[in-house]
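Structure assessment
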Amino acid sequence: MHERLISSGNPPSAKVAPALWFIFAAQKLLVLEEGASVSIPRIVAPASLGISPLRERYLGTLAGLDCYCAAVPEDGPIPPKMGFYGLRYLFGRLAEPLFTIALKAVHLLEWEATTRYCGRCGREMASAKEINARECVGCGMVAFPRISPAVIVLVERDGQVLLARSTRFTADFYSVLAGFVEPGETLEDTVHREIEEEVGIKVKNVRYFSSQAWPFPDSLMIGFTAEYASGEIRIDKTEIVEAGWFDPDKLPTVPGKISIARRLIDWFVETRLPEKAPTAPAAERSYDPGE
Ligand SMILES: [Zn+2]
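All residue numbers refer to positions counted from 1 along the written sequence of the respective chain. Totals for whole chains, interfaces and linings use every residue, but because this is a predicted model, local features are given only for residues with pLDDT of at least 70 and side-chain atom pairs only at 80 or more, for both listing and counting.

A few points about the confidence of the model for the chain
Put simply, the chain has an average pLDDT of 90, and 94% of its residues get 70 or more. Here residues 284–291 is modelled with pLDDT under 50, and outside its nearest four sequence neighbours on either side it reaches 29 contacts, counting other chains as well. Each residue gets a pLDDT score, which is the predictor's confidence in that residue and runs from 0 to 100. The contact rule is simple: place each C-beta atom from the backbone, and if two of them lie within 7 Å, those residues are in contact.

Structure (structure tokens):
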């Protein structure tokens, strides 16, 4: 399946045909387990699995199939041959584009759970018609899904990469620096400010790398590379435990492959040591927004 989801806020008038259902209990996704592979249940409605959703939402179509997401209670039934798994575990196991749709689904469900009441007048919010938004039943204020941009930056100095261990990391690993964009900033402003705040150095030649949706709960990680310009490492101890320059063939433990942080680090190793495949040991779990 190489097609992409065609997003829509306009569901079919009745649920009669089998559809793909992305069903979450907390942030764990219900998948059908068939031997070593996993897939998304293709059903007319969750009731056929004995499941009663707390909330559900139409996502659009994938290859002509309707797609829905739903939230169910954590202590509800688990249908036969199925299980609830975290998305970090399902990365690489659940085929694309299903994994990407699951990321979108968890983002929307979490946003919906935290947008129940209007911030202006306090009345209830309901799904808006035909667009991917919520609308206040009282004053009509429309709220779109919140997306919080954050930059993530690989800084290089004389063939070495700047890696740091954050106070936010729950496991013992190093990563590139990251931080949320503040109101009024360009992405480049955020890159310069974050690097200077966290490790006290100035950078130059900031270049876009790539980006990644990181819906835990609502980040968009925007990756950059930059070159060291001046200063010596002086860490902000509230944010960083340790930071240093590392050779591409002597890296510490780095984040797991699901993350754009790891993509940046792998790119660095592959371009600086083209004869070597990435060999850094990976922490497969414990990657959080902002890393
Ligand atoms: Zn309102």
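Text resumes after the structure shown.
Concerning helix H3 (residues 187–199)
Secondary structure elements follow DSSP: runs of H or I of four or more residues count as helices, runs of E of two or more count as strands, with numbering from the N terminus. Each helix should span, by expectation, one fewer than its residue count multiplied by 1.5 Å. The end-to-end C-alpha distance of H3, which contains 13 residues, comes to 18 Å, matching closely the 18 Å that a straight helix rising 1.5 Å per residue would cover. Listed as buried for H3 are Thr190, Val191, Glu194, Ile195, Glu198 and Val199. Axial view of H3: buried residues confined to an arc of 120°, hence all on one face. Note on burial: count the other C-beta atoms lying within 10 Å of the residue's C-beta; 20 or more is buried, 12 or fewer is exposed, in between is partly exposed, and C-beta positions come from the backbone. The arc in question is the one traced by the directions running from the helix axis out to the C-beta atoms.

Regarding the sheet that holds strand S9 (residues 125–127)
Reading across the sheet, the three strands line up as S9-S10-S11 and stay open at both edges, with antiparallel pairing between neighbours. On the outer flanks of this sheet lie S9 and strand S11 (142–143), each paired with one strand and no other. We treat two strands as partners when DSSP finds at least two bridges between them. In this structure, S9 lies alongside strand S10 (residues 134–136), joined through three bridges in antiparallel fashion. In the strand pairing of S10, Met125 is matched with Cys136.

Concerning the pairing of strand S7 (residues 65–72)
In terms of burial, S7 is largely enclosed, as six of its eight residues are buried. Examined bridge by bridge, strand S2 (residues 19–25) and S7 share six bridges and lie parallel to one another. Bridge pairing in S7 places Ala25 opposite Val72. Of the strand pairs in this sheet, strand S6 (residues 55–62) and S7 are connected by seven bridges, and their pairing is antiparallel. In the sheet register, Arg57 faces S7, and the bridge partner there is Cys69.

Thoughts on the pairing of S6
Judged from the three bridges that link them, strand S1 (residues 5–7) and S6 form a sheet pairing that is antiparallel. Paired with Ser7 across the strands is Gly60, a residue of S6. Here S6 hands over to S7 after two residues, with Ala63 in that stretch at a positive phi of 50°.

Description of the domain arrangement of the chain
All the domain ranges listed were derived from an automatic or database domain assignment. Looking at the assigned domains, one finds that the chain contains domain 1 (5–113), domain 2 (115–146) and domain 3 (148–283). Placing a centre on the C-alpha atoms of domain 1 and another on those of domain 3 gives a separation of 33 Å. The biggest single contributor to the side of domain 1 that touches domain 3 is helix H2 (residues 98–113), with five residues. Here the nonpolar group is Ala, Val, Leu, Ile, Met, Phe, Trp, Tyr, Cys and Pro; Asp, Glu, Lys and Arg are the charged ones; every other residue, Gly included, is treated as polar. Partitioning the side of domain 1 that touches domain 3 into residue classes produces four nonpolar, one polar and two charged.

Regarding the nonpolar core
Among the nonpolar cores identified, the biggest contains 31 residues, and Ile152, Val153, Leu154, Val176, Leu264 and Ile265 are the most heavily contacted of them. Breaking this core down by element, the ones donating at least two residues are strand S12 (148–157), strand S13 (160–166), strand S14 (177–180), H3, strand S15 (202–214), strand S16 (219–230) and helix H4 (260–272). At six residues, H4 tops the list of elements feeding residues into this core. Put simply, a nonpolar core is a cluster of buried Ala, Val, Leu, Ile, Met, Phe, Trp, Tyr and Cys residues tied together by C-beta atoms within 7 Å. Counting 26 residues, the second largest nonpolar core, distinct from the first, contains Ile51, Tyr68, Ala102 and Ala105.

Quick word on the environment of Glu110
Position of Glu110 among the secondary structure elements: in helix H2. Along the primary structure Glu110 and Pro215 are separated by 105 residues, whereas in three dimensions their C-alpha atoms are 8.8 Å apart.

What to know about unusual backbone geometry
The linkage connecting Glu96 with the following residue, Pro97, adopts the cis geometry, with an omega of 5°. Within the secondary structure, Pro97 is located in the loop between helix H1 (87–90) and H2. With an omega dihedral of 10°, the bond running from Phe216 to Pro217 counts as a cis peptide bond. Notably, Ala63 is not glycine yet its phi reads approximately 50°, a positive angle. Locating Ala63 in the fold gives a position in the loop between S6 and S7. Accessibility expressed as a C-beta count within 10 Å gives 13 for Ala63, which makes it partly exposed. Phi at Asn205 takes a positive value of approximately 50°, unusual for a residue other than glycine.

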